[in-house]
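The lines below spell out each chain.
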Amino acid sequence: MTDRVRLDEYIGRAVPKERRNGPRKEPPAWAPIGWAVLVIAAVITVLSINHPLFYGFVASLIVAGGFGIALDRRISPWVAGYIDAEVDPMAVVFPSQRRAVWLAVMFLGGMVTAGFFFVATLLAGVEITRFYSAYGVVVAFCIAYAVWALWTVSRWVEVRLDAEGVSASGPLRRAVTIPWSSVVTAFAPGQKLVLATVSGPVEWPVRQLLSDPDVVAEIITRCSEVPGADAATARAVIDSLIAEKRPLR
């Protein structure tokens, strides 16, 4: 039996804050329509030319598009005022969405495969239209976007509060712990969690954090004001925030 408890609670904020970069929004209505038009146009081109390389190109686009949509949905936005934390006697952990990495890899792989088929058709001497040539720009843009997406989702960190201080760790980041004695305050501008310390600011990316970064920053700030803060202190701060029953704004 474990003492670990999962908290998924609304806490809110004492003062409403404007975020320069808030939670991710739903894609615009024209995005899926544009992708569908792109695919339909490619299918028409394939059928008119009827060459195996074109079939591979379109199939790769469709597969990559599916993984791209799944990736976008996997990176769930945090909900303003909510925390999603794992609590045990030793630590309070604010986890991040981790499973988006493999989707980004598949998305990139699909676009690279589409690029391979596109170049192969150009080298095969098949007669193609100028319209099809324009797909090269689209594929190049999508590959660049896929690389950026993979880099972004691979930089997730989870934040841990315990007796040692505030820690952050992730697949591309060595675990770093800031002692409570060094923490002055914390805040979350945009998609970063910033700790103001006695030796300077420390920044961690929190785009994939499952909790509202503003709330996490407030919890860290309150804990830093308590001498000898630990996991019990963090849990007490969370419980007091929940008990305040702040209205959703």
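For the structure itself, look to the data block above.
Keep in mind that this is a model prediction, so the values were computed, not measured.

S.K.: Could you clarify how one ought to interpret the overall build of the chain in this entry?
M.R.: Each helix and strand counted, the chain has seven helices and nine strands in total. Expressed as a percentage of its 249 residues, the buried residues of the chain come to 45%. In the chain, of all internal contacts separated by at least 6 residues, the share reaching a separation of at least 24 is 70%. Working note: accessible area of the chain is about 13400 Å², and carbon and sulfur atoms make up 63% of it.

S.K.: Can you walk me through the packing of aromatic side chains in this structure?
M.R.: Two descriptors summarise a pair of aromatic rings, namely the distance from one centre to the other and the angle between the planes of the rings. Tallying each qualifying case throughout the model produces six aromatic pairs. When the ring of Phe67 is compared with that of Trp102, the centres are 6.3 Å apart and the planes differ by 80°; the resulting orientation is edge-to-face. Taken together, the positions of Phe67 in helix H2 (residues 52–74) and Trp102 in helix H3 (residues 100–123) put the pair 35 residues apart, joining distant regions of the chain. Aromatic pair Phe116 and Phe117: ring centres 5.5 Å apart, planes at 70°, arrangement edge-to-face. Pairwise contacts between aromatic rings join Phe107, Tyr145 and Trp148 into one cluster.

S.K.: Would you mind showing me how to read the packing of H3 against helix H5 (residues 135–153) here?
M.R.: In a pair of packed helices, the angle between the axes and the distance between the axes together describe the arrangement. With their axes 9 Å apart at the nearest point, H3 and H5 run at an angle of 160° to one another. Relative to H5, the element H3 is oriented roughly antiparallel. Considering only the axes of H3 and H5, their crossing is left-handed. For the pair H3 and H5, contact is made by Ala100, Val101, Ala104, Val105, Phe107, Leu108, Met111, Val112, Ala114, Gly115 and Phe118 and by Tyr135, Gly136, Val139, Cys142, Ile143, Tyr145, Ala146, Val147, Ala149, Leu150 and Val153, respectively.

S.K.: Is there a simple way to think about the pattern of salt bridges in this case?
M.R.: Side chains that carry opposite charge are capable of pairing whenever their charged atoms lie near each other. Here the structure, examined in full by the defined rule, presents five salt bridges. Put simply, Glu203 and Lys192 hold a salt bridge, and the shortest N to O gap is 3.6 Å. One end of the pair, Glu203, is in strand E9 (residues 200–205); the other, Lys192, is in strand E8 (residues 192–197), with eleven residues separating them in the sequence. Residue classification places Glu203 among the partly exposed positions, given a relative accessible area of 44%. We classify Lys192 as partly exposed; its relative accessible area is 32%. One salt bridge connects Arg235 with Asp239, and the closest N-O pair in it is separated by 3.0 Å.

S.K.: Even after reading the chapter, I still don't get the sheet that holds strand E6 (residues 173–179), so can you show me in this structure?
M.R.: Hydrogen bonding along the main chain pairs the strands of a sheet, whether they run parallel or antiparallel. The six strands are arranged E1-E2-E3-E4-E5-E6 in an open sheet whose pairing can be described as antiparallel. Each of the sheet's edge strands pairs with one partner strand only, and the pair in question is strand E1 (5–10) and E6. With strand direction ignored, the average angle separating the axes of adjacent strands in the sheet is 20°. The strands that helix H6 (residues 213–224) touches are strand E2 (82–87), strand E3 (91–94), strand E4 (158–162) and strand E5 (165–170); relative to E4, the one it contacts most, it runs at about 20°. The strands that helix H7 (residues 231–243) touches are E1, E2, E3 and E4; relative to E3, the one it contacts most, it runs at about 60°.

Here is what the cut-offs are and how they apply
Residues numbered from 1 in each chain as written. Predicted model: local features only at pLDDT ≥ 70, side-chain atom pairs only at ≥ 80, totals over all residues. Heavy atoms only, no water. Helix = DSSP H or I, 4+ residues; strand = E, 2+ residues; numbered from the N terminus. Buried < 20%, exposed > 50% of the residue type's maximum accessible area, 1.4 Å probe, protein only. Contact = heavy atoms within 4.5 Å. Areas by Shrake-Rupley, 256 points an atom, 1.4 Å probe, with all protein chains shown as cover. Phe/Tyr/Trp six-rings, centres within 6.5 Å; stacked < 30°, edge-to-face > 60°. Axes fitted to C-alpha atoms, helices over the stretch in contact; angles between N-to-C directions. Parallel < 35°, antiparallel > 145°, perpendicular 65-115°, else oblique. Left-handed = near helix turned anticlockwise from the far one by under 90°. Salt bridge = Lys/Arg side-chain N within 4 Å of Asp/Glu carboxyl O. Pairing = 2+ DSSP bridges.

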